[in-house]
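Fold and contact review
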Amino acid sequence: MSRTPQPLKSIGSLLLVGAGKMGSAMLDGWLARGLNPKKLTVVEPQAGKPLKALTRRGLKLNPKGKTAEAAVIVIAVKPQTAPEAVPPLRPHVGKATLVLSIMAGRTIGFLEKSLPPGTAIVRAMPNTPAAIGRGITVAVANAKVSARQRKQASDLLAAIGKVEWVSDETLIDAVTALSGSGPAYVFLLAEAMTKAGIAAGLPAALAARLARETVAGSGELLHRSDLDAATLRQNVTSPGGTTAAALEVLMGPGGFDELLTKAIAAATLRSRQLAG
Ligand SMILES: NC(=O)c1ccc[n+]([C@@H]2O[C@H](COP(=O)([O-])OP(=O)(O)OC[C@H]3O[C@@H](n4cnc5c(N)ncnc54)[C@H](OP(=O)(O)O)[C@@H]3O)[C@@H](O)[C@H]2O)c1
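Description of the structure in this document. Bear in mind that the values here come from a model prediction, so they are computed numbers and not experimental data. Chains are numbered independently. Their residues run from 1 in the order of the written sequence. Given that this is a predicted model, residues contribute local features only at a pLDDT of at least 70 and side-chain atom pairs are listed and counted only at 80 or more, while totals for whole chains, interfaces and linings are drawn from all residues. Hydrogen atoms and water are omitted, and side-chain values are computed over all heavy atoms in the structure.

Scanning the protein chain for helices and strands turns up 11 helices and eight strands. Along the three orthogonal principal directions, the C-alpha set of the protein chain runs to about 70 × 40 × 30 Å. It only takes one pair of heavy atoms within 4.5 Å for two residues to be counted as in contact. Pairs at least 24 residues apart make up 63% of the contacts formed inside the protein chain by residues separated by at least 6 positions. Computed with the Shrake-Rupley method and a 1.4 Å probe, the accessible areas treat only the protein chains shown as cover for residues. Approximately 15600 Å² of the protein chain is accessible, and the part contributed by carbon and sulfur atoms is 61%. Secondary structure counts use DSSP, requiring at least four H or I residues in a row for a helix and at least two E residues in a row for a strand, with both numbered from the N terminus.

A word on the site of the ligand. What makes a residue near a molecule or strand is one non-hydrogen atom of that residue sitting within 4 Å of it. The local shell around the ligand holds 21 residues, among which K21, M22, E44, V77 and A104 are the closest. Polar contact is defined as a pair of N or O atoms within 3.5 Å, subject to the rule that within protein one atom must be able to donate a hydrogen and the other to accept it, and that residues adjacent in sequence are counted only when both atoms are side-chain atoms. Between an oxygen atom of the ligand and a side-chain N or O atom of E44, the distance comes to 2.8 Å. Taking K78, its side chain carries an N or O atom lying 3.4 Å from an oxygen atom of the ligand. In this count, Pro and Cys sit with the nonpolar residues alongside Ala, Val, Leu, Ile, Met, Phe, Trp and Tyr, while Asp, Glu, Lys and Arg are called charged and the others, Gly among them, polar. Partitioned by chemical class, the residues of the shell around the ligand number 13 nonpolar, five polar and three charged.

Right, let's get into the nonpolar core. By nonpolar core we mean a set of buried residues, namely Ala, Val, Leu, Ile, Met, Phe, Trp, Tyr and Cys, connected to one another through side-chain atoms within 4.5 Å. We call a residue buried when its accessible area falls under 20% of the maximum for its residue type, exposed when it is over 50%, and partly exposed in between, using a 1.4 Å probe and counting protein chains only. Ranked by size, the top nonpolar core spans 37 residues in total, and within it L14, L16, L27, W30, V74 and L156 carry the most contacts. Counting residues per element, this core draws most heavily on helix α1 (residues 21-32), at five residues. Residues within four places of V74 in sequence aside, it is in contact with L14, L15, L16, V17, M26, W30, L100 and L156. By size, the runner-up hydrophobic cluster in this structure holds 23 residues, among which are I75, M103, M125 and V138.

Turning next to the pairing of strand β2 (residues 40-43). In terms of strand pairing, strand β1 (residues 14-17) meets β2 through four bridges, oriented parallel. When the bridges of β2 are listed, L14 appears paired with L40. Each parallel crossover has a hand, and for β1 linked through α1 to β2 it is right-handed. Only strands joined by at least two bridges in the DSSP assignment are considered to pair. Note: β2 against strand β3 (residues 60-61), two bridges, orientation parallel. Note on handedness: a crossover is taken as right-handed if, strands pointing away from the viewer, the path from the first strand over the helix to the second is clockwise.

Along the polypeptide, D173 turns up in helix α6 (residues 171-180). At 3.5 Å, the side chain of D173 forms a polar contact with the backbone nitrogen of R272. Not counting residues within four places of it along the chain, the set of residues in contact with D173 comprises T268, S271 and R272.

So, on to the environment of S167. Secondary-structure assignment places S167 in the loop between β8 (161-165) and α6. For S167, a relative accessible area of 76% corresponds to the exposed category.

Our next topic: the packing of α6 against helix α7 (residues 182-199). At a closest axis distance of 5 Å, the pairing of α6 and α7 adopts a crossing angle of 30°. Here α6 lies roughly parallel to α7, going by the angle between them. Between α6, through A177, L178, S179 and G180, and α7, the contact on the second element is made entirely by G182, P183 and Y185. Here the contact of α6 with α7 is built from residues that sort into four nonpolar, three polar and no charged. Between the N-to-C directions of two axes lies an angle of 0 to 180 degrees, each axis being a line fitted to C-alpha atoms and, for a helix, fitted only over the stretch in contact. In this scheme, roughly parallel covers angles under 35 degrees and roughly antiparallel covers those over 145, while 65 to 115 is roughly perpendicular and the rest are oblique.

Turning next to the environment of N36. Mapped onto the fold, N36 is located in the loop between α1 and β2. Separated by 108 residues in sequence, N36 and K144 have C-alpha atoms that sit 27 Å apart.

What follows concerns the pattern of salt bridges. Basic side-chain nitrogens of Lys or Arg form a salt bridge, by our definition, when they fall within 4 Å of a carboxyl oxygen of Asp or Glu. Under the definition given, this model contains five salt bridges. R134 is the partner of E220 in a salt bridge, and the nearest nitrogen-oxygen pair spans 3.3 Å. With E220 in helix α8 (residues 204-224) and R134 in the loop between β6 (120-125) and β7 (135-141), this residue pair connects regions lying 86 residues apart in the sequence. Judged by its relative accessible area of 26%, E220 is partly exposed.

Another aspect to go through is the sheet that holds β8. Sheet strands line up and pair through hydrogen bonds in the backbone, either parallel or antiparallel. The eight strands lie next to each other as β3-β2-β1-β4-β5-β6-β7-β8, forming an open sheet whose pairing is mixed. The open sheet has two free edges, formed respectively by β3 and β8, since each of these has just one partner strand. Running at roughly 155° to β1, α1 makes contact with β1, β2 and β4 (70-75) of the sheet.

So this is what it looks like as structure tokens:
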């Protein structure tokens, strides 16, 4: 179930490992929700100016020497970096530490093997609209995660959008295929509409603007409306009209439903193959 974002004042010391696109989107969200930079340690080899500037507000960047236990460790490095980035985190993991990973395809089993026995772990799958605080993340916890830690994870993930929980980790492959990869399908829709507009006689630049704003505006309408997608679609479809003519094609044999079912099945399978 999605939750209203909570202020992050109650989070203890937080170690963020990897502040690339997703890590820095989360960092921005946490700071906007009142997290004190003094509680934050960031490990990031490619630290840019905004991150370096935060050290003046007390954020610790790539600290050397003594390792302290963190209340929460957020892992946001690329999945292929995990074998070198995760085991060195062991000294930062204490009895009460929560480890929250957003690495695609890296399972709870992999994290349990790389971290001390009994570590509380949440695996989460966000998506790119997180960059503007409008992502949706699906999270799954191992048996060691307490109710308090689950709330901490929800609050941290709410900084980049909505949060859903599942109890079956195998569902993450279908989640990855639907919401993880989903933004690419929507961008493809805008591309395809542009091409179709050009084929129907529109100048290319106008077709691109019309497709872009139609996809973005409809997404925003769906976001703000209490109605579901099917009702919104029916509301703009008059019997025998132009939209109905197009929908007959899109909803007919080999149309959207069939194509997306095949596409999401292919992505689910690929996610399963890549998991480790
Ligand atoms: N972007 C998305 O839409 C999305 C969606 C779902 C899940 N995710 C997951 O989110 C994670 C991060 O993705 P991203 O797009 O933010 O990737 P990214 O921009 O490449 O960020 C990863 C950052 O971690 C740094 N890093 C590499 N090795 C490190 C180490 N040992 N310790 C600390 N930091 C290290 C990288 O630096 P270098 O450049 O020097 O390697 C890079 O700045 C990935 O696991 C991905 O699967 C992303």
